[in-house]
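# Fold and geometry: a report
One letter stands for each residue in the lines below.
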Amino acid sequence: MRTVREVKALRGVVAAWKAAGQTVGVVPTMGALHPGHLSLIAAARAGADRVIATIFVNPRQFDSPEDLAKYPRTEDRDAGMLAVAGVDLLFAPPPEAVYPQGFATSVSVAGLSEGLCGAHRPGHFDGVATVVTKLFLMTGADRAFFGEKDWQQLQIVRRLARDLNIPVAVTGCPTLREADGLAMSSRNTRLSPADRAAAPALHRAMSAAGSAIRGGTPVADALARARQDILRAGFCEVEYLELRGAEGLEPLDAPDRPARLLAAAWLGGVRLIDNIVVDP
Ligand code: AMP
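Residues numbered from 1 in each chain as written. Predicted model: local features only at pLDDT ≥ 70, side-chain atom pairs only at ≥ 80, totals over all residues. Heavy atoms only, no water.

### Focus on the overall build of the protein chain
Each helix and strand in the protein chain was counted, giving 11 helices and nine strands. Since a compact globule built from 280 residues should have a radius of gyration of about 19 Å, the 19 Å found for the protein chain is in line with a globular shape. The dimensions of the protein chain, computed from C-alpha atoms along their principal axes, are 55 × 40 × 40 Å. Within the span of the protein chain, comprising 280 residues, buried residues form 52% of the whole. The averaged location of the 30 negative side-chain charges in the protein chain is 3 Å from the averaged location of its 31 positive side-chain charges. (Helix = DSSP H or I, 4+ residues; strand = E, 2+ residues; numbered from the N terminus. Rg over C-alpha atoms; globule rule 2.2 N^0.38 Å. Buried < 20%, exposed > 50% of the residue type's maximum accessible area, 1.4 Å probe, protein only. Lys, Arg positive; Asp, Glu negative; His and termini not counted. Charge placed at Lys NZ, Arg CZ, Asp CG, Glu CD.)

### A word on the nonpolar core
In terms of nonpolar packing, the biggest core is built from 45 residues, with Leu10, Ile52, Phe91, Phe136, Phe146 and Val170 touching the most fellow members. Elements represented by at least two residues in this core include exactly α1 (7-19), β2 (24-29), β4 (89-91), α7 (124-139), β5 (143-147), α8 (151-163) and β8 (259-267). With eight residues, the single largest contributor to this core is α7. If we skip the residues at most four places from it in the chain, Val170 touches Phe136, Ala144, Phe146, Leu154, Val157, Arg158 and Ala161. Grouped together as the second largest cluster of nonpolar side chains are 29 residues, Met206, Ile230, Val238 and Leu272 included. (Core = buried A, V, L, I, M, F, W, Y, C linked by side-chain atoms within 4.5 Å. Contact = heavy atoms within 4.5 Å.)

### A short note on the environment of Tyr240
Positionally, Tyr240 belongs in strand β7 (residues 237-245). Taking the C-alpha atoms as reference points, Tyr240 and Arg227, separated by 13 residues in sequence, lie 9.1 Å from one another. Contacts of Tyr240, omitting those with residues within four sequence positions, involve Leu116, Cys117, His120, Arg227, Leu262, Ala263, Ala264, Arg271 and Ile273.

### Brief notes about the site of the ligand
Neighbouring the ligand are 17 residues, the closest being His37, Gly147, Asp150, Leu176 and Met184. A distance of 2.9 Å is found between an oxygen atom of the ligand and a backbone nitrogen or oxygen belonging to Met30. At a separation of 2.9 Å, an oxygen atom of the ligand approaches a polar side-chain atom of His37. Within the complex, 93% of the 490 Å² of free accessible area of the ligand lies under protein. Of all the secondary-structure elements, those providing two or more residues to the shell around the ligand are β2, α2 (35-47) and β5. Tallying contributions element by element places α2 first for the shell around the ligand, with three residues. Counted by class, the shell around the ligand contains eight nonpolar, seven polar and two charged residues. (Near = heavy atom within 4 Å. Polar contact = N/O pair within 3.5 Å; in protein donor to acceptor, adjacent residues only side chain to side chain. Areas by Shrake-Rupley, 256 points an atom, 1.4 Å probe, with all protein chains shown as cover. Nonpolar A, V, L, I, M, F, W, Y, C, P; charged D, E, K, R; others polar.)

### Some remarks on the packing of aromatic side chains
Throughout the structure, instances matching the rule amount to four aromatic pairs. Pairing Tyr99 with Phe103 gives two aromatic rings, centres 5.0 Å apart and planes at 75 degrees, and the pair type is edge-to-face. Taking relative accessible area as the criterion, Tyr99 reaches 13% and is therefore assigned buried. What makes Phe103 partly exposed here is its relative accessible area of 24%. (Phe/Tyr/Trp six-rings, centres within 6.5 Å; stacked < 30°, edge-to-face > 60°.)

### Focus: the sheet that holds β7
Strands sit in the order β7-β8-β9 across an open sheet of three strands; the sheet is antiparallel. Where the open sheet ends on each side, the last strands, each with one partner, are β7 and β9 (270-278). For this sheet, the mean angle separating the axes of adjacent strands, direction not counted, is 10 degrees. Looking at chain direction, β7 and β8 are connected through eight bridges and run antiparallel. Counted as the bridge partner of Leu243 is Leu261 from β8. The strands that helix α11 (residues 219-232) touches are β7 and β8; relative to β7, the one it contacts most, it runs at about 150 degrees. (Pairing = 2+ DSSP bridges. Axes fitted to C-alpha atoms, helices over the stretch in contact; angles between N-to-C directions.)

### Let's talk about the packing of α7 against α8
One can describe the packing of α7 onto α8 by two numbers: an axis separation of 10 Å at closest approach and a directional angle of 50 degrees. Relative to α8, the element α7 is oriented oblique. Seen from above, α7 lies across α8 with right-handed handedness. Between α7, through Phe125, Val128, Ala129, Val132, Thr133 and Phe136, and α8, the contact on the second element is made entirely by Gln152, Gln153, Ile156, Val157, Leu160 and Ala161. Within the contact of α7 with α8, the residues separate by chemical class into nine nonpolar, three polar and no charged. (Parallel < 35°, antiparallel > 145°, perpendicular 65-115°, else oblique. Left-handed = near helix turned anticlockwise from the far one by under 90°.)

### Digging into α1
Between its first and last C-alpha, α1 extends 18 Å over 13 residues, near the 18 Å set by a 1.5 Å rise per residue. For α1, the secondary structure elements touched by its buried residues are β1 (2-4), β2, β3 (50-55), β4, α5 (95-98) and α7. The first or second residue beyond α1 is Gly21, which carries a positive phi of 80 degrees. (Expected span 1.5 Å × (residues − 1).)

### Topic: α11
Side chains of residues three or four places apart in an α-helix project in the same direction, reflecting 3.6 residues per turn. With 14 residues, α11 extends 20 Å between its outermost C-alpha atoms, agreeing within 8% with the 20 Å of an ideal straight helix rising 1.5 Å per residue. Listed in full, the buried residues belonging to α11 are Val219, Ala222, Leu223, Ala226 and Ile230. Down the axis of α11, the sector holding all buried residues measures 95 degrees, keeping them to one side. Projecting away from the buried face of α11 at angles above 90 degrees are the exposed residues Ala220, Arg225 and Arg232. Against α10 (201-214), β7 and β8 lie the buried residues of α11. (Arc of directions from axis to C-beta.)

Any functional reading would require information that these geometric values do not contain.
Written out as structure tokens, the structure is:
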């Protein structure tokens, strides 16, 4: 596996692949890799001739300098994992290669970016949309692979590719979970042992709420119960817990179309997110 840090070198490698008639898949990440990321790499290998992984801790999508500073950075270990997983090229640019001096453009996806995480993390999704657009244009990938773990992000990425006529097919991949149901996340390493033991309560309460809603319990009642269970387990705050239309993310008070139950909650200074399908 080759590692490149400059856009020019990246374009050179991709141009040679395309000249040879090969398709290119990209898996954008912020590093600190876990099996969830590797499942995206496996999907990319199955869906494209060549695979690029990117590692870039994007300063524009962090809402606080402390969170950016605390984000785990483990590039050497990550590169070893990616090489073993069969990645052809690692693109790991420094911030100035992505945002050169004078950078002034922002991509903003109205509507989809506004509720849920967007309501609590001002500017976050503009940062995500801007960097993903740049990664699509810099790599020229034919296919891109994103996790359903970040469901709102996945819908935003699909929409920006469509709206901006970027010729990339976006594939969503299922959330990988620990044996106890906790969604794998780079942030889980920041949980204390006691909080790690409490963390699966989020998914457990969401699953119970999803079953109750499917079984006819009013949405508001099922969500109130789930909130209570999450807080009783030791979470300090449930930032949001909502039933939304799966693609348009419109608020739902009944599961009358394909839906997702989405949540963000704080546990000992760590913000965890999760979502599950709730189909009619
Ligand atoms: P991140 O490094 O957190 O920005 O994540 C990079 C990609 O990996 C995103 O598309 C995430 O949705 C995806 N991802 C993160 N955690 C998981 C997981 N547990 N299962 C599947 N995909 C994931």
